Amino acid sequence: MIATIIKKLKVAVWTWRQPLTKIPNDLNLPISDLFVWRSSSKWQTYFELIDIPSLFEEVKRPNQVTIVFMNSVGKIVMKKNLFLEENIRQTINVSSMIGQGYGEIGTFAVFHSHIPTIIKKCNSFLAERGYVSYCYNQSPLRSYVHGNLDAVTLNPKGEIHFLGGNSFLPREYNLQYKLESDNNYEIGLVNPTSKKHYITIKLVSLFDNKILSSTKLVVAPGGASFNLVQSDKLGPKKLIIKSRLIMARPLVFCFKNSKLDVFHG
Amino acid sequence: MNRLGGSGLLLARFNLYMSYYPILKFRKYNGWVTLCNFAPNNWEIDKPHDLVINLTWAFDNVWVSKSLGVLPVGKAITITHNDLPDDIPGDVLLLLSLTVTPLPSHSKALPKTEFIQTKIPVWRSTLGVSTPLNVCASYQGELDAFPSQGTLLTFGPFLQFGEGIQNGLIFLNLEDSPVNRESKLEIYNAANENLIEIVSISNNKANYIELDRFGFKPNDLPVFICREMAGIPIYVSSTADGSYLSLEHTHPPASLVVHGQRWEIQKYLKKQWFAKLIK
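So, a few notes on the structure that sits alongside this text. Please read these numbers as outputs of a predicted model, since none were measured by experiment. (Residues numbered from 1 in each chain as written. Chains lettered and ligands numbered in written order. Predicted model: local features only at pLDDT ≥ 70, side-chain atom pairs only at ≥ 80, totals over all residues. Heavy atoms only, no water.)

Helix and strand content of chain B: 1 helix and 21 strands. The contacts of chain B with a sequence gap of at least 6 include a subset with a gap of at least 24, amounting to 75%. A distance of 6 Å separates the average location of the 24 positive side-chain charges in chain B from that of its 25 negative side-chain charges. (Helix = DSSP H or I, 4+ residues; strand = E, 2+ residues; numbered from the N terminus. Contact = heavy atoms within 4.5 Å. Lys, Arg positive; Asp, Glu negative; His and termini not counted. Charge placed at Lys NZ, Arg CZ, Asp CG, Glu CD.)

Summing up its helical and strand segments, chain A has 4 helices and 20 strands in all. Its C-alpha radius of gyration of 20 Å places chain A within 12% of the 18 Å reference for a compact globule of 265 residues. For chain A, the spread of C-alpha atoms along the principal axes amounts to about 60 × 60 × 30 Å. Split into buried and exposed, the 265 residues of chain A put 64% on the buried side. In chain A, once contacts between residues fewer than 6 apart in sequence are set aside, the share between residues at least 24 apart is 75%. About 11000 Å² of surface is accessible on chain A, with carbon and sulfur atoms providing 51% of the total. Distance between charge centres in chain A, computed from 33 positive and 19 negative side chains, equals 10 Å. (Rg over C-alpha atoms; globule rule 2.2 N^0.38 Å. Buried < 20%, exposed > 50% of the residue type's maximum accessible area, 1.4 Å probe, protein only. Areas by Shrake-Rupley, 256 points an atom, 1.4 Å probe, with all protein chains shown as cover.)

Residues Leu35(B), Leu95(B), Leu96(B), Trp123(B), Leu172(B) and Ile234(B) are the most contacted members of the largest nonpolar core, which totals 46 residues. Take this core: its biggest share by element is 5 residues, from strand β5 (residues 51-59) of chain B. If we skip the residues at most four places from it in the chain, Leu95(B) touches Tyr20(B), Tyr21(B), Pro22(B), Asn54(B), Leu55(B), Thr56(B), Trp63(B), Leu110(B), Leu143(B) and Leu174(B). Within the second largest apolar cluster, 43 residues are counted, among which are Phe111(A), Tyr134(A), Val145(A) and Leu149(A). (Core = buried A, V, L, I, M, F, W, Y, C linked by side-chain atoms within 4.5 Å.)

This part covers a nonpolar patch on the surface. All names here are of chain A. A cluster of nonpolar side chains, Val13, Trp16, Phe168 and Leu169, forms an exposed patch at the surface whose accessible area comes to about 370 Å². For Leu169, the location among the structural elements is in strand β13 (residues 166-179). Here Leu169 falls in the partly exposed class, since its relative accessible area comes to 34%. (Patch = residues over 30% accessible without salt bridge, like charges linked within 9 Å, V, L, I, M, F, W, Y side chains within 5 Å. Salt bridge = Lys/Arg side-chain N within 4 Å of Asp/Glu carboxyl O.)

All right, on to the sheet that holds strand β7 (residues 105-112) of chain A then. All names here are of chain A. Spatial strand order, β2-β7-β4-β5: 4 strands in an open sheet with antiparallel pairing. Strand pairing shows two members of the sheet lacking a second neighbour, β2 (35-38) and β5 (76-83), which therefore form its edges. Across the sheet, the mean angle separating the axes of adjacent strands is 30° when strand polarity is ignored. Two strands pair when backbone bridges link them, and strand β4 (residues 64-71) and β7 are joined in this way by 7 bridges, in the antiparallel orientation. Paired with Met70 across the bridge in β7 is Thr107. (Pairing = 2+ DSSP bridges. Axes fitted to C-alpha atoms, helices over the stretch in contact; angles between N-to-C directions.)

All names here are of chain A. Burial of strand β14 (residues 184-190) is extensive: 6 of the 7 residues sit out of reach of the surface. Note that β14 and strand β19 (residues 251-256) share 5 bridges and pair antiparallel. Of the residues in β19, the one forming a bridge with Tyr185 is Cys254. Both β14 and strand β17 (residues 224-229) contribute to a ladder of 6 bridges, which runs antiparallel. Within β17, the residue paired with Val190 across the bridge is Ala224.

As structure tokens, then:
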């Protein structure tokens, strides 16, 4: 009995009042992930836009989305409104929208204008976690990755509020993936909280558990930062991300013989 | 001011059943799985263990399991079809798992063995596919048994277009029972609700369906439903020569919302669309 209580208390240190995602106080607010955009001569970013509200109920007037773009340090640089069409797919070229005047990476969020009645009735929030795709080096195929953080909300005044929780203690996120020596990687981290986060990325040998490298990053609220892992002869490795983010789940770009594979942890 | 979601004492999920990690295989492409014996965080697992690597498949109405060895604490291993014993039957869904003790060699229900599962995030493996040119695509995932009364509703905005590009859907199902059963996957166009085709699918299988023959256009939103079986839809696009590959899976409709009664919303959405889409 006492052992069980001690176990529960040990876990509570990591969970009590430390939510992964805070709950907005208004059921009319939409939630979006913070997606990463990449825009350069080598990178194009796309997003699959679907009129999610009209999947739930008939549309009385066209729904729209507000896309908010931030640069790598989380500063809002652009907002766009787009009308949606019911039950069709709209693939939008995000890099064409943002252009190449705001750096090569940043984040964006997609907020739906209408929240279906059933969603509010169930005390839920419509969450745009949709699908981003990247085209690298004029590849004929795009590589997809879906959002997985319910990161931000937009209030009627057009203000962004970050929903990510913060950890009291530094915690480690261990990417359950083997980084191979022959490949190059770019590890992307996004900050969905309202505080600046200092993040340490460690590469650890899977052979002898030695720390091969340790890199520190700072990510502003709403911003994104990338860490490069270049090919070497040090054998397979694992990646450990230490921070006060509740779950520092990275976006991983893997380059094997210049071909891209992208996924999130 | 935001309320704190999920406050209170959220417990790590001690002693819940472990997940499975399927080795995918379709067309000329080979699947692989990277299993990791290190937890995805440093705070949910007290005592790590060396773990047994199990391979499980359904054959002749039973689940058969074999041990492939032990994965020590802190290590990772990538397993492909080439690493497997020769006596595995062809055309079965191969499932890897990590457990503290070996799974029973035969069982009438999908083996469930105690495993210290994590929650933030869930314990995953890397599930990947490679073309004959060794071009890879992967995702972090796991596979748990679906209830046999489960259903599927998914919208798939992943088809890619261009010369030589091929698109397919893998409908991945796993159930407790090893007994084979068939069902029907209905394919529609969301815009006009037209039925495009009905395709037979099986349980405990990675069912591969070529999508290019259905004539979808870039702005079409395909809808896939199954009224008697649930599964994970995985979309695959590749160039004909296998020099490029893309892989992504969709989530259940409950993922369109967060907080609150998400599963009620999923029920609602399925009911809406199952009523709208008539065979």
